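Descriptive structure summary
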Amino acid sequence: MAETKKVTVPSLMQMKRRGEKIAALTAYDATMGALLDEAGLDLILVGDSAAMVVAGYETTLPMTLDAMLYHTAAVRRGVKRALLVADMPFLSYQVTVAEAVRNAGRFFQEAGAEAVKIEGGQEMAETIRCLTDVGMPVLGHLGLTPQSIRKFGGYVLQGKTAQEAERLLTDAQALVAAGVFAIVLEKIPAELGKKVTESVSVPTIGIGAGPYCDGQILVTHDMLGLFEKFRPKFARRYAELARVIRQACSGYVEDVKRGQFPSLEESYTGEEE
């Protein structure tokens, strides 16, 4: 049975010091949030990946602040133990620091988030510092940052050259200095993930960043085999639920068409309460 003690920002820091790995996944609704929480996840991220795996867009860029607040509030109603982190969507924190603080505050005040996630390195340090200064914990995100996908030209590996690797290490240190409690490292070489992890005092949470990070996160729809548009190398599938769901729905259609559902046992007689 999963441990019931509430996961907090300080307890994640303690996990790094103990050498205990951090397990994280994404959720977008109360039902999935509750299932992940009961399974023992340490951190649940309400990701802007909802734009792709829930709303059907090709990138995360169309996700709006109001939509993210809706999803976060829904997941909040299902999560009791795990640390609940909300993604700040595109243009909700990049315009001005004041706007970033105001928008981040809505996640805490209206949706029940316990932290927010912001993409970017040194250029986001001032914003992150202002958020943490007023009591809003921030999860950083380096490497492949999906909101910059147009700049990268696709979901391509980051940190391949010595210059890129050095920049990422510098960015990681800048985020720590700004006050992040952890850093997501996405789609970078495993050895670079190891270097970053060893160089910072806060936990690193990898997604396609190798086995040396302090924790791992996947998009739940990838991990469960629900999202089939593409299959990243790093996304191990623990189930193939898309196939199971199709089979179940096909069975339902067949039973309805043949008049085999509902049966008399599944029908009311008029004597029930």
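Anyway, here's the lowdown on the structure attached to this text. (Residues numbered from 1 in each chain as written. Predicted model: local features only at pLDDT ≥ 70, side-chain atom pairs only at ≥ 80, totals over all residues. Heavy atoms only, no water.)

Scanning the model with the defined rule gives 15 salt bridges in all. In this structure, D87 engages K117 in a salt bridge whose closest nitrogen and oxygen atoms are separated by 2.7 Å. One end of the pair, D87, is in strand β3 (residues 83-87); the other, K117, is in strand β4 (residues 115-119), with 30 residues separating them in the sequence. For the pair shown, D87 and K117 are each scored as buried. For R167, the salt bridge identified is with D171, shortest N-O distance 3.1 Å. Of the two residues, R167 and D171 are both situated in helix α8 (residues 162-178); the distance of four residues between them amounts to about one turn of the helix. The partly exposed category is assigned to R167, whose relative accessible area is 46%. (Salt bridge = Lys/Arg side-chain N within 4 Å of Asp/Glu carboxyl O. Helix = DSSP H or I, 4+ residues; strand = E, 2+ residues; numbered from the N terminus. Buried < 20%, exposed > 50% of the residue type's maximum accessible area, 1.4 Å probe, protein only.)

With that settled, the discussion passes to α8. Taking 1.5 Å as the rise per residue, α8 with 17 residues should run 24 Å; its terminal C-alpha atoms sit 24 Å apart, in good agreement. Listed as buried for α8 are A165, L168, L169, D171, A172, A174, L175, V176 and A178. Contacts made by the buried residues of α8 are with α6 (125-133), β5 (138-143), β6 (182-186) and α9 (190-199). Looking at the residues trailing α8, positive phi occurs at G179, about 115 degrees. (Expected span 1.5 Å × (residues − 1). Contact = heavy atoms within 4.5 Å.)

Below, the discussion takes up the sheet that holds strand β7 (residues 204-207). Ordered by their spatial adjacency, eight strands build a closed barrel running β1-β2-β3-β4-β5-β6-β7-β8, and the pairing between neighbours is parallel. Taken over all neighbouring pairs, the strand axes of this sheet differ in orientation by 25 degrees on average, direction set aside. The sheet contact formed by strand β1 (residues 22-26) and strand β2 (residues 43-46) spans three bridges and is parallel. Its bridge partner being in β2, L25 is matched across the sheet by I44. (Pairing = 2+ DSSP bridges. Axes fitted to C-alpha atoms, helices over the stretch in contact; angles between N-to-C directions.)

Two descriptors summarise a pair of aromatic rings, namely the distance from one centre to the other and the angle between the planes of the rings. Considering all chains together, one arrives at three aromatic pairs under this definition. Judged by centre distance (6.2 Å) and plane angle (25 degrees), the ring pair of Y155 and F230 falls under stacked. Taken together, the residues Y155 in the loop between α7 (149-152) and α8 and F230 in the loop between α10 (220-223) and α11 (241-257) connect sequence positions 75 residues apart. By relative accessible area, which is 30% here, Y155 ends up partly exposed. With relative accessibility at 38%, the residue F230 sits in the partly exposed group. Ring pairing ties together the aromatic residues Y155, F227 and F230, which thus form one cluster. Here the guanidinium or amino end of K194 rests over the ring plane of Y212, the centre of that ring lying 5.0 Å away. (Phe/Tyr/Trp six-rings, centres within 6.5 Å; stacked < 30°, edge-to-face > 60°. Lys NZ or Arg CZ within 6 Å of the ring centre and 35° of its normal.)

Following F261, the chain continues into P262 via a peptide bond in cis, with omega recorded as 0 degrees. Inspection of the secondary structure puts P262 in the segment after α11. One non-glycine residue, L91, adopts positive backbone phi at about 70 degrees. Here L91 lies in the loop between β3 and α5 (97-109).

Turning to the pairing of β4, a few remarks are in order. Within β4, five of the five residues are buried, leaving the element largely enclosed by the surrounding structure. Across the two faces of β4 the burial is the same, with A115, K117 and E119 and V116 and I118 all buried. Here β3 runs beside β4; their pairing, made up of three bridges, is parallel. From the neighbouring strand, D87 faces β4, where its bridge partner is K117. Since β3 and β4 lie parallel, the crossover through α5 that links them has a hand, and here it is right-handed. Note that β4 and β5 share four bridges and pair parallel. By the bridge assignment, E119 is partnered in β5 with H141. Following the chain from β4 across α6 to the adjacent parallel β5, one finds a crossover that is right-handed. (Right-handed = clockwise from strand over helix to strand, strands pointing away.)

Before going further, it helps to examine the side chain of R76. Within the secondary structure, R76 sits in helix α4 (residues 65-76). For R76, a relative accessible area of 19% puts it in the buried group. From its side chain, R76 meets the backbone oxygen of V79 in a polar contact 2.9 Å long. Once residues within four sequence positions are removed from consideration, R76 is found in contact with L84, A111, G112 and E114. (Polar contact = N/O pair within 3.5 Å; in protein donor to acceptor, adjacent residues only side chain to side chain.)

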